[in-house]
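So the chains spell out like this:
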Amino acid sequence: MPPEPVVEQQADPCAGALHRPPVPPHRRLRAFAFDPSLAAELDTSGLESVTLEVPWEESWDENERRCVLRGPVGRYVEVIDHDPASRAFYPPVELNDPYLLARDGHDPSESNPQFHQQMVYAVAMTTIRHFENALGRAALWSDRPFHEVDDPEEAFVERLRIHPHALRGANAYYSPERKALLFGYFPAAEGVHDRGLAPGATIFTCLSYDVVAHETAHALLDGMHSRFIEATNPDVLALHEAFADIVAIFQHFTHPEVLRHTIARTRGDLGRQSLLAELARQMGRAIGRRAALRNALDPELRPHPSQLESTTEPHDRGAILVAAVFDAFLQIYRVRVADLLRIATQGTGVLPEGDIHPDLVARMAREAATTARHVLHMCIRALDYCPPFGIDFGDYLRALITADLTLVPYDQRNYRAAFIDAFRARGILPHGLRGLGEDSLRWQAPATQLPARALAPLFDAIELEETSGRSEGEPSDRARRGAVSPLRDLVDLWTLDRERRDVWRAARRLRGRLQRVIGGWDAEWAARELHLLLDPVDLPSVYRDASGRPTTEVHSARIARRRGPRDEEVVELVVEITQRRRAWDDADRQTEIDSGAAALREDDHGDFRFRSGCTLLIDLSSRQVRYAIRARGPISDNRVLSAQRRYRSSATPGLRITYLGDRGGRLRDVEPFAFLHGPAASPR
């Protein structure tokens, strides 16, 4: 018999384990591009919604044994839709529902609470991602006060809570006490028929992209600089408002359809009034104004060197800073599109009458979006180069220039020159500088550096045993992999993909290590170069230890890491060090206490806190202090203390109680941003 033919076995391509596709990098969710009012106007109909790409998040439901994103609740935020005024809890949206995944979430709707939840989540996460991309690290929310928690771990705030229907009223605000964003809803004012609104129609602040981005920016700024709500001068709260507006306005340029529509309509001139420069259009009209709540191109804000002198209200003062940043953006944008205009006009630079070519619109839109992203990232990166408290607009200009010089030494497109010129035109000038050149504005290193041994303990490998969650005798993860310096640990952890609680723990360990290191620094050097007093002082109002030395707090320690245009990485350690002193509104009382003529009661903490200190930026490659950003004077400087006292006395009663505190500078139960964001807060 002939042998049977050999049949080669073919592998079954469908056999074996099920191969799941990789986790998507993004989730697509729809939101209003500005607010619902655009759909009611013929010129902007069709531009009212955008689809946002937010980082993909999942959570595991043990009861249902499946992945859900209900609430939504994610790594950074938690949406809780409780409406106290209506005594209602609205069912949470589940963004992993297959029908919603297929449709990019719920359709934009003013009447669907689940879309409201979707929108606040999508806009907040988009804002967080802009912030993180600029800084090159994960964002952290501000801690709960340590004296209010039993376990130090409870000070960590994992998620910012967002309440889309928290109150009835024309208001929305960030609560530093609750670590939450609270959005209101209210009926439109009478007589708004000509503004695309029906009188009495319900306006939801959570449906304004600008309002949600603005409030999220407040929370992000508070997470980096929790003492920027202590109003030590008129610029502090104004900068909080201005920064939140800047973050909201420059996100407009991430909406391609809206950007192309605006450029086509304005023929490429973004200095003309348009949606891109407006903030909270629907809300502004609904409360009875003729236009948006604020506008970076407000004709009342034309550049003038004396603008700041007569402007004290935080929104109005902040609007000057916003206008200066937008002026800088316009200058940079015009330079970037100049070659396109020359090509399109055969060198004249003057466009002919009529609509401009769609290809030119697309190219100009691309340049506008790139410029807006660069400007926004400059404004965010500057936060690492600010003093730890008491900032003013001049300090912020210096921070902008220093941060950009560090990352982009060769400014071929003159971004920094545009900022300097725009700020100068509006009278925003740093204190004590004779020139406005980049070298003058750049923060300086100490005249004499610390000895190498002074910073060595930060780099030394040490073993920090942690017993939490381990049985007695079990080695820690750190011991298993070898000793690691607290600084190296923080550098390795502080990236965009690591657990934020681990980053927070590492930063807290480093702060403790720094606290001990500072005690060994040369006192004369610290006083001269950093305005820190490490020797005993004879001032009872200064908080001191048992030896009479002023107490020192390492308020913050974080890593600033980012990549430049040539892919070079800049890694710095940012350290904020502060000291404090009891201060009284009555100068005679201050003199009595400090001279010993009157005894200081243990429970008397004065009327407000007077602080001093510095921010250090340490180059991790050279182990040298690259920049020392000092307070105006040491904690013993009565001249600086008197200036802060004069500002407090000049503040209006409402501002004084709300921001400056009643006793001891404490906010107590007052919500500063609730007052600041009320409908009557900005009269203009």
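None of these values were measured; they are calculated from a predicted model.

Time to look at the overall build of the protein. Helix and strand counts for the protein come out as 20 helices and 17 strands. Going through the 684 residues of the protein one by one, you find that 56% of them count as buried. As displayed, the protein has an accessible area near 31000 Å², and 50% of this comes from carbon and sulfur atoms.

Throughout the structure, instances matching the rule amount to 42 salt bridges. Here Arg-28 ties to Glu-53 by a salt bridge, and the two come within 3.8 Å at their closest N and O atoms. Within this pair, whereas Arg-28 is found in strand 1 (residues 26-32), its partner Glu-53 is found in strand 2 (residues 49-55), the two being separated by 25 residues in sequence. Between Glu-367 and Arg-336 there is a salt bridge, and its shortest N-O distance comes to 2.7 Å. You can see Glu-367 sitting in helix 8 (residues 358-381) and its partner Arg-336 sitting in helix 7 (residues 314-344), a full 31 residues away along the chain. Accessibility classification places Glu-367 together with Arg-336 in one group, the buried group. When salt bridges with common partners are traced through the structure, they connect Arg-137, Asp-384, Arg-558, Arg-562 and Glu-576 into a single cluster.

Under the counting rule described, the total for this entry stands at 13 aromatic pairs. For the ring pair Phe-131 and Phe-243, a centre distance of 6.5 Å and an interplane angle of 85° mean the geometry is edge-to-face. Highlighted residues: Phe-131 in helix 2 (residues 113-135) and Phe-243 in helix 4 (residues 235-251), separated in sequence by 112 residues. For the pair formed by Phe-131 and Phe-243, the shared burial category is buried. A cation sits over an aromatic face here: Arg-137 above Trp-494, 5.4 Å from the ring centre. When the ring centre of Tyr-76 is taken as origin, the NZ or CZ atom of Arg-500, which lies over that ring, is 4.3 Å away.

The subject of this paragraph is the side chain of Thr-266. Mapped onto the secondary structure, Thr-266 falls in helix 5 (residues 256-266). Residue class for Thr-266 comes out buried when judged on its relative accessible area of 4%. What Thr-266 contacts, discounting residues up to four positions off in sequence, is Arg-272 and Ser-274.

Further remarks concern the packing of helix 8 against helix 9 (residues 393-407). Contact geometry for helix 8 and helix 9: axes closest at 8 Å, N-to-C directions at 110°. Accordingly, the angle class assigned to the pair helix 8 and helix 9 is roughly perpendicular. Counting all contacts with helix 8, which are made through Met-378, Cys-379 and Arg-381, the residues of helix 9 involved are Tyr-396, Leu-400, Ala-403, Asp-404 and Leu-407. Residue composition of the contact of helix 8 with helix 9, grouped by class: six nonpolar, no polar and two charged.

Take empty space enclosed by the protein next. A complete count under the given rule lists four cavities of 30 Å³ or more for this structure. In this structure, the second largest cavity spans a volume of roughly 70 Å³. For the second largest cavity, the lining is made up of 11 residues, of which Arg-294, Asn-295, Ala-296, Ala-319 and Val-322 are closest to its centre. Mapped by element, the contributors of at least two residues to the lining of the second largest cavity are helix 4, strand 13 (294-295) and helix 7.

All right, on to helix 16 (residues 523-530) then. In an α-helix, one turn spans 3.6 residues, which is why side chains three or four residues apart end up on the same side. Among the residues making up helix 16, those that are buried are Ala-523, Trp-525, Ala-526, Glu-529 and Leu-530. Take helix 16 and look down its axis: the buried residues cluster within an arc of 160°, on one side only. The elements touched by buried residues of helix 16 are strand 16 (608-619) and strand 17 (624-630). Near the N-terminus of helix 16, the side chain that reaches the backbone nitrogen of Glu-524, with its oxygen 3.3 Å away, is that of Asp-522.

It is worth spelling out the sheet that holds strand 17 at this point. Spatially, four strands are ordered 14-15-16-17 in an open sheet, and the strand pairing comes out antiparallel. Strands at the two margins of the open sheet, each flanked by one partner only, are strand 14 (553-563) and strand 17. Averaged over all pairs of adjacent strands, the angle between their axes in this sheet comes to 20°, without regard to strand direction. Bridge count between strand 14 and strand 15 (residues 569-583): 10 bridges; the pairing is antiparallel. Along strand 15, the bridge assignment pairs Arg-561 with Val-571. Helix 14 (residues 486-493) rests against strand 14 and strand 15 of the sheet, and its axis sits at about 45° to strand 14. Across the face of the sheet, helix 18 (residues 638-650) comes into contact with strand 15 and strand 16 while running at roughly 120° to strand 16.

Tracing the sequence through the fold places Arg-373 in helix 8. A residue is classified by how much of its surface remains accessible, and Arg-373, at 41% relative accessible area, is partly exposed. Spatially, the C-alpha atoms of Arg-373 and Ala-134 are 9.2 Å apart, while their sequence positions differ by 239 residues.

With that out of the way, let us pick up the packing of helix 7 against helix 10 (residues 415-425). The contact between helix 7 and helix 10 brings their axes to 8 Å, and the two run at 140°. Relative to helix 10, the element helix 7 lies oblique. Considering the relative orientation of helix 7 and helix 10, their crossing is right-handed. For the pair formed by helix 7 and helix 10, the contact residues are Leu-321, Ala-324, Val-325, Asp-327, Ala-328, Gln-331, Ile-332 and Arg-336 on the first element and Tyr-415, Ala-418, Phe-419, Asp-421, Ala-422 and Phe-423 on the second. Here the residues of the contact of helix 7 with helix 10 sort into 10 nonpolar, one polar and three charged.

Next up on the list: the environment of Ala-422. On the secondary structure map, Ala-422 appears in helix 10. Dropping the residues within four chain positions of it, Ala-422 is found in contact with Ala-324, Asp-327, Ala-328 and Gln-331.

Here the focus is the pairing of strand 1. With five of seven residues buried, strand 1 is to be regarded as a mostly interior element. As defined by bridge partners, strand 1 adjoins strand 2 across seven bridges and the pair is classed as antiparallel. Within strand 2, the residue paired with Arg-28 across the bridge is Glu-53.

With six of eight residues buried, helix 14 is to be regarded as a mostly interior element. Of all the residues in helix 14, the buried ones are Pro-486, Leu-487, Asp-489, Leu-490, Val-491 and Leu-493.

In this model, Gly-71 is joined to Pro-72 through a cis peptide bond whose omega is -10°. Along the polypeptide, Pro-72 turns up in the loop between strand 4 (66-68) and strand 5 (77-79). A positive phi angle, close to 55°, is found at Arg-87, a residue other than glycine. Its location among the elements puts Arg-87 in the loop between strand 6 (82-83) and strand 7 (88-89). Judged by relative accessible area, which is 78%, Arg-87 ranks as exposed.

With that settled, the discussion passes to the pairing of strand 15. With respect to burial, strand 15 is a largely interior element, 13 of its 15 residues being buried. With antiparallel pairing between neighbouring strands as the criterion, strand 14 and strand 15 make up a hairpin whose turn holds five residues, including Asp-567 at a positive phi of roughly 70°. As judged from the 12 bridges shared by strand 15 and strand 16, these two strands associate in the antiparallel manner. From the neighbouring strand, Arg-581 faces strand 16, where its bridge partner is Phe-610.

How each quantity is defined
Residues numbered from 1 in each chain as written. Predicted model: local features only at pLDDT ≥ 70, side-chain atom pairs only at ≥ 80, totals over all residues. Heavy atoms only, no water. Helix = DSSP H or I, 4+ residues; strand = E, 2+ residues; numbered from the N terminus. Buried < 20%, exposed > 50% of the residue type's maximum accessible area, 1.4 Å probe, protein only. Areas by Shrake-Rupley, 256 points an atom, 1.4 Å probe, with all protein chains shown as cover. Salt bridge = Lys/Arg side-chain N within 4 Å of Asp/Glu carboxyl O. Phe/Tyr/Trp six-rings, centres within 6.5 Å; stacked < 30°, edge-to-face > 60°. Lys NZ or Arg CZ within 6 Å of the ring centre and 35° of its normal. Contact = heavy atoms within 4.5 Å. Axes fitted to C-alpha atoms, helices over the stretch in contact; angles between N-to-C directions. Parallel < 35°, antiparallel > 145°, perpendicular 65-115°, else oblique. Nonpolar A, V, L, I, M, F, W, Y, C, P; charged D, E, K, R; others polar. 1 Å grid on protein atoms, 1.4 Å probe; cavity = no way out; pocket = protein on both sides within 12 Å on 5 of 7 lines; lining within 4 Å. Points joined across faces, edges and corners; volume = space filled by probe spheres on them. Arc of directions from axis to C-beta. Polar contact = N/O pair within 3.5 Å; in protein donor to acceptor, adjacent residues only side chain to side chain. Pairing = 2+ DSSP bridges. Left-handed = near helix turned anticlockwise from the far one by under 90°.

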